[in-house]
Amino acid sequence: MSGRGQGRPVAELEDVSRVYRLGENVVKALDGFSFRFEEGEYWAVMGSSGSGKSTLLNLLGCLDRPTSGSYRVRGEESSAMDDDALSDLRSREIGFVFQSYNLIPQLDVLENIMVPLFYQDVPPADGPERALRLAERVGLGDRLGHRPLELSGGQQQRVAIARALINDPALVLADEATGNLDSATAVEILNLFDELHGEGKTILLVTHEPAVGERAENVLRLADGRIAEVSRAREVGA
Amino acid sequence: MIRGSLLRTVRLGVRSLLLHKLRSALTTLGVLFGVSSVIAMLAIGEGASEEAQEAIRRLGSQNVILRSVKPSDNQVTDQTTRVLTYGLTHDDFARVAETFPGVVRAIPIRELPDEVRFGSRALRPRVLATVPSYLDVTGRVLHEGRFLEEIDDREVANVCVLGYEVARHLFPFQTPVGEKVRIGSDYFTVIGTLLPRVRLGSDRPDPGEDVTGEVFIPLKTGRRWFGDMILRIRSGSRDMEEVQLHEIVAEVDLAENVPFVAAACRTMLDREHTERDYEVVVPLELLLRAQETKRIFNIVLGSIAGISLLVGGIGIMNVMLATVTERTREIGIRRALGAKRRHIVTQFLVETVVLSIGGGLLGILLGMAIPAGIERWADMRTIVTPTAPLLAFGISAGVGVVFGLYPAWRAAVMDPVEALRHE
Ligand SMILES: Nc1ncnc2c1ncn2[C@@H]1O[C@H](COP(=O)(O)OP(=O)(O)OP(=O)(O)O)[C@@H](O)[C@H]1O
Ligand SMILES: [Mg+2]
């Protein structure tokens, strides 16, 4: 586990397993996984296809519960939560960025950015201003009224990132966020992640591409549902 | 806050539906036609029943009406001239008027088959010889002048009162009061006219006449000029009919006594007449029967309405199930962004209810337009009661909720991870 312990823990996994049963077959997508992500860290999660990256991300994002083991987000234990409590946790603490942008087609840019606020029990009063600031922050201040289909892939992914930030989440989770983009656009998006990291956001980026992995502060490599390698590229003082 | 978010959900729901305008429009058709046919049929049924009940009430719900009926047997004769004697007699009248307890008063009516003319205009209305109290007992309303009075009968005066249609037809441009019309071969002075009355199914319109109407003359005058014999010439054969009275209307003191008086009349006529040359019409019975008919009509209508709304609801449910499948990914996204199951349920339920209420509102408009059109072009009375549209609105909202619940539930229980993976 993290040898540093200098930051506050944001997400803590302890002996987490996620087992899929398909009839006779039992697939251990995650197997006895323990790890701690700390505030302000920027991780790339890498590994071959089927190694359990998405499964890990879904657990971290409270979309899924571990089959066994314990997972805490900012100290809140998720494995015992019911569906409503998990949803609530997602709406407060998690920001998702997907490979295929996943904007809602009938909503315009500003509305898409605000969607997570719709589902908060006590939505902040300054939602629209926050959305406006974020839209400007990702460089789409002049496209507020546009629908997703009127935007390029890179622009859609910027909207998705703004959406992931609207609830000021503890964790920003990105699964192959640059997978659908050409390399120039991918670099723009990665620059944006760098900036967010600079602002102190905790970011997890799942990726296949070594080039993308290199941009992150740290790399977590998975194989067969286990941790294969942890590399902290920029150790304190290094 | 809750209200604000519901409002937003409705707005966004409408927007989602507008993404597929044609599909949404087609989906509402089931409820639209269901609701509109219910409203239209209710309006027509209500109008028809109201018309019938009103007509019966005008006959007088406290009246018992005896009528002469030409017996249908002993028809086969090859004589060219014969005399047929049948129907109610003056003795019958006297018995009803004077000896029946419960009968306040009774009026005799004779019907004369004579042409009525004024100048070149001619008509063949029912010429009724009767007494002054006819007006009170039947509840007819005077329009102009006066009705028959005792003195007309005493003096056997040649006066007449015209029904509304007759007056309109013979005197389209002037008031008939004071004019002389010819009835048969005699001249009668018009002393008054009546307001129109609603036509009844049991009125026998004379064939070949497009205007049925009535002309009233004093009973004695009728007897003096026309006797008890009536000559009908019909396709070669000359029928002589001898009928003393065509109708007796007995007014009963209390509605409760109407059945007893009716029974007494039937018993008496049965005893006094050798053949069935009479009928007893009890408007109160007709009224009850009309109400029963209406009740049955309402049950039938309710079933049709239920079935059509069921079909409409199933149509909506079908489309919503397809929509939910089609938008699986959107559901996954919303769940990932923090939507709880109830948010998803609300979202799809609102869309279904918007569809069904949309259909319901259009159905109400169409359903109110149809009776208006019928009234205008088919000349039928229709009544849209204020409860009908409200009921229809409530029902269509209910259909939306009932048939929206299952698709919404299906959407809500999806696993977020799987939903996100859906292509
Ligand atoms: N719903 C599921 N049912 C059964 N098995 C599953 C399910 N989801 C994932 N798995 C299995 O779990 C393992 C890990 O899958 P996961 O999606 O986490 O891999 P991954 O690292 O994200 O791969 P990729 O790079 O291809 O996206 C795989 O063997 C996969 O087949
Ligand atoms: Mg994956």
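Residues numbered from 1 in each chain as written. Chains lettered and ligands numbered in written order. Predicted model: local features only at pLDDT ≥ 70, side-chain atom pairs only at ≥ 80, totals over all residues. Heavy atoms only, no water.

Residues and elements named next belong to chain B. Mapping Thr 352 onto the fold places it in helix H11 (residues 341-377). Looking at Thr 352, its side chain comes within polar contact range of the main-chain oxygen of Phe 348, at 2.7 Å. Residues contacting Thr 352, with those up to four places away along its chain left out, are Ile 316, Met 320, Gly 400, Phe 403 and Gly 404. (Helix = DSSP H or I, 4+ residues; strand = E, 2+ residues; numbered from the N terminus. Polar contact = N/O pair within 3.5 Å; in protein donor to acceptor, adjacent residues only side chain to side chain. Contact = heavy atoms within 4.5 Å.)

Let us look at the site of ligand 1. Among the 15 residues in the neighbourhood of ligand 1, the closest are listed as A:Ser49, A:Gly50, A:Lys53, A:Ser54 and A:Thr55. Near ligand 1, the surrounding residues belong to chains A and B. In this structure, A:Gly52 approaches ligand 1 through a main-chain N or O atom, which is 3.0 Å from an oxygen atom. Alone, ligand 1 offers 630 Å² of accessible surface; in the complex the protein occludes 72% of this. When contributions to the shell around ligand 1 are tallied by element, the ones reaching two or more residues are strand S1 (9-22), strand S2 (25-38) and helix H1 (53-60) of chain A together with helix H13 (416-421) of chain B. When grouped by side-chain class, the residues that make up the shell around ligand 1 number four nonpolar, eight polar and three charged. (Near = heavy atom within 4 Å. Areas by Shrake-Rupley, 256 points an atom, 1.4 Å probe, with all protein chains shown as cover. Nonpolar A, V, L, I, M, F, W, Y, C, P; charged D, E, K, R; others polar.)

Residue-level contacts link 23 residues of chain B with 27 residues of chain A. In terms of surface lost to chain A, no three residues of chain B exceed B:Arg15, B:Leu337 and B:Lys340, which account for 27% of the buried area on that side. On the surface where chain B and chain A come into contact, there are five salt bridges. Remark: the boundary between chain B and chain A carries twelve residue pairs in polar contact (both at pLDDT 80 or more). For the side of chain B that touches chain A, the secondary-structure elements that each account for two or more residues are helix H1 (2-19), helix H10 (328-336), H11 and H13 of chain B. A per-element tally of the side of chain B that touches chain A places H10(B) first, with six residues. (Buried area = accessible area lost by both parts, 1.4 Å probe. Salt bridge = Lys/Arg side-chain N within 4 Å of Asp/Glu carboxyl O.)

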